[in-house]
Amino acid sequence: AADLRLGLPEDAPLMEFMPLHDASRGDIVTRESLRKNWVTIYRAHAKGVGAPLGTDPEQQFGVNARPFTRLWCQPLDDIRSYYGEKLALYFAWLGAYCWFLRPWALLGLAVQAYLYFYGTGAAEEGFQYWTAAVCVLVVLQTSAMHVGWKAEEEALAVKWGTEGFEEQEKDRPAFKADENEPTRINRITNEMELNYPEEKRQLHSAIHYLIIAGCVAGVVVLVHVLYATAGYMEYSLGFTWASDAASLALAIMIVVLSDIYEGIVEAMVEKENHRTDTEFEDALISKTFAFQLVNNYAALGYTAFYKQYSAYGCSADSCLSDLTTLMMFILAMTVVMNLVELEIHLALWNCLKSCLCCCCRGKGDGDGG
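Rules behind the numbers
- Residues numbered from 1 in each chain as written.
- Predicted model: local features only at pLDDT ≥ 70, side-chain atom pairs only at ≥ 80, totals over all residues.
- Heavy atoms only, no water.
- Helix = DSSP H or I, 4+ residues; strand = E, 2+ residues; numbered from the N terminus.
- Buried < 20%, exposed > 50% of the residue type's maximum accessible area, 1.4 Å probe, protein only.
- Contact = heavy atoms within 4.5 Å.
- Areas by Shrake-Rupley, 256 points an atom, 1.4 Å probe, with all protein chains shown as cover.
- UniProt positions renumbered as here; feature names shortened; annotations may be inferred.
- 1 Å grid on protein atoms, 1.4 Å probe; cavity = no way out; pocket = protein on both sides within 12 Å on 5 of 7 lines; lining within 4 Å.
- Points joined across faces, edges and corners; volume = space filled by probe spheres on them.
- Nonpolar A, V, L, I, M, F, W, Y, C, P; charged D, E, K, R; others polar.
- Arc of directions from axis to C-beta.
- Polar contact = N/O pair within 3.5 Å; in protein donor to acceptor, adjacent residues only side chain to side chain.
- Core = buried A, V, L, I, M, F, W, Y, C linked by side-chain atoms within 4.5 Å.
- Patch = residues over 30% accessible without salt bridge, like charges linked within 9 Å, V, L, I, M, F, W, Y side chains within 5 Å.
- Salt bridge = Lys/Arg side-chain N within 4 Å of Asp/Glu carboxyl O.
- Lys, Arg positive; Asp, Glu negative; His and termini not counted.
- Charge placed at Lys NZ, Arg CZ, Asp CG, Glu CD.

**Q** Explain the overall build of the chain residue by residue, including any values.
**A** Broken down by element type, the chain carries 10 helices and two strands. Each helix (α) and strand (β) of the chain, taken in turn from the N terminus, gives the series α-α-α-α-α-α-β-β-α-α-α-α. Buried positions account for 28% of the 369 residues belonging to the chain. For the chain, long-range pairs separated by at least 24 residues make up 61% of all intrachain contacts whose partners lie at least 6 apart in sequence. By element, 64% of the accessible surface of the chain is carried by carbon and sulfur atoms, the whole surface being about 25000 Å².

**Q** Give a description of the UniProt feature "transmembrane region" (unreviewed entry) in the chain that names residues and reports values.
**A** Residues given the UniProt feature "transmembrane region" (unreviewed entry) here are residues 90-117, 129-149, 206-227, 239-261 and 326-349. Secondary structure content for residues 129-149 is 100% helix and 0% strand, and the end C-alpha separation is 30 Å. Within the segment residues 239-261, helix and strand shares are 87% and 0% respectively, and the terminal C-alpha atoms sit 33 Å apart.

**Q** Tell me about the layout of surface pockets, and please be specific about residues and values.
**A** In this structure, the second largest pocket encloses a volume near 890 Å³. Along its surface, the second largest pocket is lined by 25 residues, and Ser258, Glu262, Gln292, Asn296 and Thr334 are the ones closest to its centre. Taken together, the elements giving at least two residues each to the lining of the second largest pocket come down to helix H8 (242-272), helix H9 (277-306) and helix H10 (320-368). Class assignment of the residues belonging to the lining of the second largest pocket gives a composition of 15 nonpolar, six polar and four charged.

**Q** Break down helix H2 (residues 31-39) for me, with residues and values.
**A** Turning to H2, its buried residues number three or more, namely Leu34, Asn37 and Trp38. Looking straight down H2, one finds that the buried residues subtend no more than 90° of arc, so they occupy a single side. At its buried positions, H2 is contacted by helix H3 (76-83) and helix H4 (85-100).

**Q** Any details on the side chain of Glu272? Residues and values, ideally.
**A** Positionally, Glu272 belongs in helix H8. Of the residues examined, Glu272 reaches a relative accessible area of 1% and is grouped as buried. Side-chain polar atoms of Glu272 contact the side chain of Lys287, separated by 3.1 Å. If near-sequence neighbours (up to four positions away) are discounted, Glu272 is found in contact with Tyr196, Arg201, His204, Ser205, His208, Ala283 and Lys287.

**Q** Lay out the nonpolar core in plain terms, naming residues and giving numbers.
**A** Membership of the largest hydrophobic core comes to 26 residues, with the highest contact counts inside it found for Val219, Val223, Leu250 and Leu326. Of all elements in the fold, only helix H7 (198-235), H8, H9 and H10 reach the threshold of two or more residues within this core. Per element, the largest residue contribution to this core is nine residues, and it comes from H8. Setting aside its immediate chain neighbours within four residues, Leu250 contacts Val223, Leu226, Tyr227, Ala299 and Leu326.

**Q** Account for a negative patch on the surface, with residues named and values stated.
**A** A contiguous patch of negative charge on the surface is contributed by Glu166, Glu167, Glu279 and Asp282. Mapped onto the elements, Glu279 comes out in helix H9.

Have a look at this one:
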């Protein structure tokens, strides 16, 4: 056990582990096979790349993927065998989401091509039928996506044996019993189990939501202050670059606050002491969503709907140019931060491999001596 824990303290809970897969040990799905069939899918054989959806017949080994679906194919069964059901379901959702959005991607390209060749033209007066038609299509597509994913999720749960998982879920390793009443009798199983009062958890959760509300209010105020400062610098002091600088500052703010909040929200949810991993993740998702929704979209909403009515207004006749600039900065910052995070993870992985190799080499030398 000490060797498996790699020097961790004996009293520290082992939260999770990931087994390594090696073809020399008889594993069929390895990192090399996943890289071939998942990352470089056009270099792989059509029988191993899977399909866009987990319930497609092409997911079965030996069935060729359809040529026009190769861009969306994922070997979900191999991903499940290598990483487990949790990550496989995550990528199944991403794949289904991209697959369902194909019509809108084609429609957007068609609209952009039309605007590029024919221009926008004069604005129509009165009721705009095209706008109403698009709104109806969006509602129908959203409903279809929801129904389609629910069916996909239930089918994958049956296929991978995760149906009814929450009813049989065990306690988290980090779950701690109450000091005053550490155990209780489960009313369903009539067995002793660790106890933590729900009232304490709800109290902690309420306090944390108040903290999140303060963070959300701070983000809104910060967005308003940045835009007001940029407007003053541009129209009163003559700095024409102030609007672009504000967009860049907002993009940096979104990325930085998002990273900072991730650590804060994990500590808050850990303090609530949830019994199971599902309860922990549900609380983490709800608290993350409450802040990230405002953090990621407050600046965009302010620019699109409120900035034109503010004291300084927009840079041009409409706020579309300001909104486009802001979105470009946000996208660029997100890509840069993802690349930096990837490089950090690769560096840590290489360092870990070097340490493990040194430990194994040293242990082998010690045994030989």
